[in-house]
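Commentary on secondary and tertiary structure
Below are the chains, spelled out letter by letter.
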Amino acid sequence: MPLKITKVSIWFFLCFNLVVSGVIHGQSVEITSGGLVANSPLNVCVNNNVSFGIQATGFTPTSFNWSFPSGTPATSTAASPNVNFPISGTAQIIVDVSDGILTLSDTLTVAINNVLAVSLNLNVDTLCQNDEVVLTGGTPPGGTFSGPGVFNNTFVASAAGPGTHQIIYTDGLGCSV
């Protein structure tokens, strides 16, 4: 008896890479700086090295494609690249990460601030061992002082010990002098 075909079903599978921004099926990626998730705009200083990374949820990326307009390097395939921004302004950082099947993307706006706006003028240059001085004179106001013997913007000579000590002033945007 001859075989009669009454219905034919054809199935095919389409393979592709899905590029998304944000969260899909519990999977996400976010750009980090200094180990913390970075929020736009991320304030950085001209000519300071900035370390970037990612925080992935729900999958493990195996490849990384970074774009750093106005940065050096301009692109990277490293998981945690270090970038220098030699010119002040604004840049849009983009990263595409993939696990070989799924590709996720994130962007971050970076505000690149000019370091020349930060200055420090201390009114004291010599102290005795038991002296404490509240540090002032940082411009723009609102920054913090750091260095040997500096606690809560106060220099404590006994904690620093004898000698010459470097005091650093960092403004609210992270620029230091």
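In this text the structure is predicted, and so the values were computed from the model without any measurement. (Residues numbered from 1 in each chain as written. Predicted model: local features only at pLDDT ≥ 70, side-chain atom pairs only at ≥ 80, totals over all residues. Heavy atoms only, no water.)

Looking at the chain as a whole, the pLDDT averages 77, with 77% of positions reaching at least 70. Per-element averaging of pLDDT across the chain places strand β1 (residues 18-21) at the bottom with 36 and strand β7 (residues 75-76) at the top with 95. The low-confidence segment residues 1-25 (pLDDT under 50) makes 21 contacts with residues lying over four places distant or belonging to another chain. (pLDDT = per-residue confidence, 0-100. Helix = DSSP H or I, 4+ residues; strand = E, 2+ residues; numbered from the N terminus. Contact = heavy atoms within 4.5 Å.)

Of the two faces of strand β6 (residues 63-67), the one holding Phe-64 and Trp-66 is buried and the one holding Ser-63, Asn-65 and Ser-67 is not buried anywhere. As paired strands, β6 and strand β9 (residues 89-98) are joined by five bridges and run antiparallel to one another. Bridge pairing in β9 places Asn-65 opposite Asp-96. (Buried < 20%, exposed > 50% of the residue type's maximum accessible area, 1.4 Å probe, protein only. Pairing = 2+ DSSP bridges.)

Let us now look at the sheet that holds strand β2 (residues 28-33). The four strands lie next to each other as β3-β2-β5-β8, forming an open sheet whose pairing is antiparallel. At either end of the open sheet lies a strand with only one pairing partner, and these are β3 (36-37) and β8 (82-84). In the sheet, β2 pairs with strand β5 (residues 49-57) via six bridges, with the strands oriented antiparallel. Along β5, the bridge assignment pairs Ser-33 with Phe-52.

In this structure, Pro-73 follows Thr-72 across a cis peptide bond, with omega equal to 5°. Of note in this structure, Asn-152 is not a glycine but carries a positive phi near 50°. Examined against the element boundaries, Asn-152 turns out to sit in the loop between β15 (150-151) and β16 (154-156). Not every positive phi belongs to a glycine, and Asn-153 is a case in point at roughly 65°. With respect to the helices, strands and loops of the structure, Asn-153 is situated in the loop between β15 and β16.

Let us now look at the nonpolar core. Ranked by internal contacts, the top residues of the largest apolar core, which has 23 residues, are Phe-52, Trp-66, Phe-85, Ile-93, Leu-108 and Val-110. Where this core is concerned, the elements lending two or more residues are β2, β4 (42-45), β5, β6, β9 and β10 (102-113). If you tally residues by element for this core, the top one is β10, at five residues. The contact partners of Ile-93, leaving out residues within four places of it in the chain, are Ile-31, Phe-52, Trp-66, Ser-67, Phe-68, Phe-85, Asp-106, Thr-107, Leu-108 and Val-110. Residues Leu-135, Phe-145, Phe-155 and Ala-157 belong to the second largest nonpolar core, which totals eight residues. (Core = buried A, V, L, I, M, F, W, Y, C linked by side-chain atoms within 4.5 Å.)

Let's shift gears to the packing of aromatic side chains. A complete count under the given rule lists five aromatic pairs for this structure. Aromatic pair Phe-52 and Phe-85: ring centres 6.5 Å apart, planes at 85°, arrangement edge-to-face. Here the residue Phe-52 occupies a position in strand β5, and Phe-85 occupies one in the loop between β8 and β9, the gap between them amounting to 33 residues. Judged by its relative accessible area of 2%, Phe-52 is buried. Judged by its relative accessible area of 0%, Phe-85 falls in the buried class. Grouped by ring-pair contacts, the aromatic residues Phe-52, Trp-66, Phe-68 and Phe-85 constitute a single cluster. (Phe/Tyr/Trp six-rings, centres within 6.5 Å; stacked < 30°, edge-to-face > 60°.)

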